[in-house]
Amino acid sequence: MNIPLLDLKAQFQPLRTEILAAVQTVCDEQGFVLGPRVVAFEEAIAKYIGARYAIGCASGSDALLLSLMAMGVGQGDEVITVPFTFFATAGAISRLGAKPVFVDIQQDSFNLDPLQFERAITSRTKAIIPVHLFGQCADMAAINRIANTKRIPVIEDACQAIGAAQNGTRAGVLGATGCFSFFPSKNLGGFGDGGMITTNDQSLADSLSMLRVHGSRVRYLHDAIGINSRLDALQAAVLHIKLKYLDQWAEGRRRNAAKYEQLFKQAGLLDRVTLPTTHSGNFHVYNQYTIRVSKRDDLRAYLKDKGVGTEIYYPLPMHLQNCYKDLGHQKGSFPVSEQAAEQVLSLPIYAELSESHLTYVVEAIADFYRRS
Ligand SMILES: *Cc1c(COP(=O)(O)O)cnc(C)c1O
């Protein structure tokens, strides 16, 4: 048995003809950067999310960077976010000369703890970036309540959460801007890098469209200092086709998550393995199915031996990274994030998995704990 963490070949096979035809069309047109294919895909994403505007860009990292730029974040400013995330969230803040101010996560959801948000706010706080980690929205009602009273704009890092929703509203319109990534391993993955920003705010949308083309509204005339961050027509064409299947893939992931839960219970593993929890009101799309375990690294090696691919998202929280030594944090500064980094293990969850695959994974985990 060989069960990789993600099998993109299995996803591509049934779409092969459809996708290659779209790629061929773009090749015949020879228009590669922005243009009508990108506009059509932006409109499709806006409709899907329920946003007035969607602005394509080169990556999820740039979606975050552009959002911060559009809000005027710069030198000396502070932006609040979590230490338990992919580096891009904090990196975007630092690249603008601003300081990431970390707030620890909730034990059960792995997302920003709203109870700790308020005391991290200072007169320099210019934005907050909650991350919808693993495909579940952060507690946006509580975050927005505090952010609104303090007039702090909220940027959703929804890179892992396209299609996720909270109380019926999709990620991407739960804050001022929503940032998405089309990196191949995301739930909507392109054939390379790509990103998108959604917003309901016309003036932000205008700024974002300008900033992604070097701050230009009229060619060769520059109103601001922007960057080069565009979405390619090839990516847009591929993603536009894949978007039609996104909900069906999310259903597959949710079905697999429910099956895992049943199998872990049946195997009597609930004292060994902490399963992911979904907060009420959340529609979880499981970009990752992340459990917490003891002896995590030994289990991971054992599973690898058995042909099961896993990954650790993420092994080192941001506040303990070499590049953030200057911030002066130490071990113990954000204990919930640190404990998560030691315990998390993400299992295969992609839609194409069959029940026998899931059974095999759970049995392998059961075997491991029987032996140890
Ligand atoms: C993937 C990811 C990003 C960055 O997206 P890229 O497209 O790879 O630049 C940012 N934040 C989170 C939480 C992510 O998972």
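Residues numbered from 1 in each chain as written. Predicted model: local features only at pLDDT ≥ 70, side-chain atom pairs only at ≥ 80, totals over all residues. Heavy atoms only, no water.

Looking at the overall build of the chain
Here is step 1: A tally of regular secondary structure across the chain gives 13 helices and 15 strands.
Here is step 2: Here the C-alpha atoms of the chain give a radius of gyration of 21 Å, agreeing with the 21 Å that 2.2 N^0.38 yields for 372 residues.
Here is step 3: Projected onto the principal axes, the alpha-carbon positions of the chain cover approximately 70 × 55 × 35 Å.
Here is step 4: In the chain, which comprises 372 residues, the share counted as buried stands at 56%. (Helix = DSSP H or I, 4+ residues; strand = E, 2+ residues; numbered from the N terminus. Rg over C-alpha atoms; globule rule 2.2 N^0.38 Å. Buried < 20%, exposed > 50% of the residue type's maximum accessible area, 1.4 Å probe, protein only.)

A look at the packing of aromatic side chains
Here is step 1: Taken as a whole and assessed by the stated rule, the structure comprises 17 aromatic pairs.
Here is step 2: On the numbers, 5.4 Å between centres and 65 degrees between planes, the contact of Y313 with Y314 is edge-to-face. Each member of the pair Y313 and Y314 is classed as buried.
Here is step 3: Ring pairs connect the aromatic residues F84, F86, F110, F134, Y313 and Y314, which therefore count as one cluster. (Phe/Tyr/Trp six-rings, centres within 6.5 Å; stacked < 30°, edge-to-face > 60°.)

What to know about the sheet that holds strand β2 (residues 78-81)
Here is step 1: Spatial strand order, β3-β2-β4: 3 strands in an open sheet with parallel pairing. The sheet is open, and its two edges are formed by β3 (99-102) and β4 (125-129), each paired on a single side. Taken pair by pair, the neighbouring strands of this sheet meet at an average axis angle of 30 degrees, ignoring direction.
Here is step 2: Summarising the sheet, β2 and β3 pair through 4 bridges and their orientation is parallel. Looking across to β3, one finds that V79 is bridged to P100. (Pairing = 2+ DSSP bridges. Axes fitted to C-alpha atoms, helices over the stretch in contact; angles between N-to-C directions.)

Some points on the site of the ligand
Here is step 1: Residues in contact with the ligand amount to 15 residues; listed here are only the nearest, G60, S61, Q160, S181 and K186.
Here is step 2: Between an oxygen atom of the ligand and a side-chain N or O atom of S61, the distance comes to 2.5 Å.
Here is step 3: At 2.6 Å, a side-chain N or O of K186 approaches an oxygen atom of the ligand.
Here is step 4: Protein chains bury 93% of the 380 Å² of accessible surface belonging to the ligand in isolation.
Here is step 5: With respect to the pocket detection grid, the ligand is positioned in the largest pocket.
Here is step 6: Secondary-structure elements contributing two or more residues to the shell around the ligand are α4 (60-70) and α5 (87-95).
Here is step 7: Residues of the shell around the ligand, tallied by class, amount to 6 nonpolar, 7 polar and 2 charged. (Near = heavy atom within 4 Å. Polar contact = N/O pair within 3.5 Å; in protein donor to acceptor, adjacent residues only side chain to side chain. Areas by Shrake-Rupley, 256 points an atom, 1.4 Å probe, with all protein chains shown as cover. 1 Å grid on protein atoms, 1.4 Å probe; cavity = no way out; pocket = protein on both sides within 12 Å on 5 of 7 lines; lining within 4 Å. Sits in = over half its atoms within 2 Å of the grid points. Nonpolar A, V, L, I, M, F, W, Y, C, P; charged D, E, K, R; others polar.)

Some remarks on α5
Here is step 1: Within the span of α5, buried status applies to A88, T89, A90, G91, A92 and I93.
Here is step 2: Structurally, α5 contributes buried residues whose contacts are with α4, β2, β3, β4 and β5 (155-157).
Here is step 3: Within two residues after α5, G97 carries a phi angle of roughly 80 degrees, on the positive side. (Contact = heavy atoms within 4.5 Å.)

Some words on unusual backbone geometry
Here is step 1: Residue Y313 is joined to Y314 through a cis peptide bond whose omega torsion reads 5 degrees.
Here is step 2: Residue position: Y314 is located in the loop between α11 (296-305) and α12 (335-343).
Here is step 3: Notably, L34 is not glycine yet its phi reads approximately 50 degrees, a positive angle.
Here is step 4: The exposure class of L34 is buried, given its relative accessible area of 17%.
Here is step 5: If you check the backbone angles, F134 has positive phi at about 65 degrees while not being a glycine.
Here is step 6: By the secondary structure assignment, F134 is in the loop between β4 and α7 (140-149).

Brief notes about the domain arrangement of the chain
Here is step 1: Each assigned domain of the chain is listed with its residue range as follows: domain 1 (8-102 + 111-243) and domain 2 (246-371).
Here is step 2: If you average the C-alpha positions of domain 1 and of domain 2, the two centres end up 25 Å apart.
Here is step 3: Across the contact, 36 residues belong to domain 1 and 31 residues belong to domain 2.
Here is step 4: Summed over both sides, the interface between domain 1 and domain 2 buries roughly 2,900 Å², with carbon and sulfur atoms accounting for 59% of that surface.
Here is step 5: Together, F84, F134 and N187 form the three largest contributors to the area buried by domain 1 at its contact with domain 2, with a combined 26%.
Here is step 6: Between D247 and R170 there is a salt bridge whose closest N-O contact spans 3.6 Å.
Here is step 7: One can count 21 residue pairs in polar contact (both at pLDDT 80 or more) joining domain 1 with domain 2.
Here is step 8: Elements supplying a minimum of two residues to the side of domain 1 that touches domain 2: α1 (8-12), α5, β3, β6 (165-166) and α9 (233-243).
Here is step 9: The dominant element in the side of domain 1 that touches domain 2, judged by the number of residues it contributes, is α5, at 4 residues.
Here is step 10: In terms of residue class, the side of domain 1 that touches domain 2 is built from 20 nonpolar, 12 polar and 4 charged. (Domains from an automatic or database assignment. Buried area = accessible area lost by both parts, 1.4 Å probe. Salt bridge = Lys/Arg side-chain N within 4 Å of Asp/Glu carboxyl O.)

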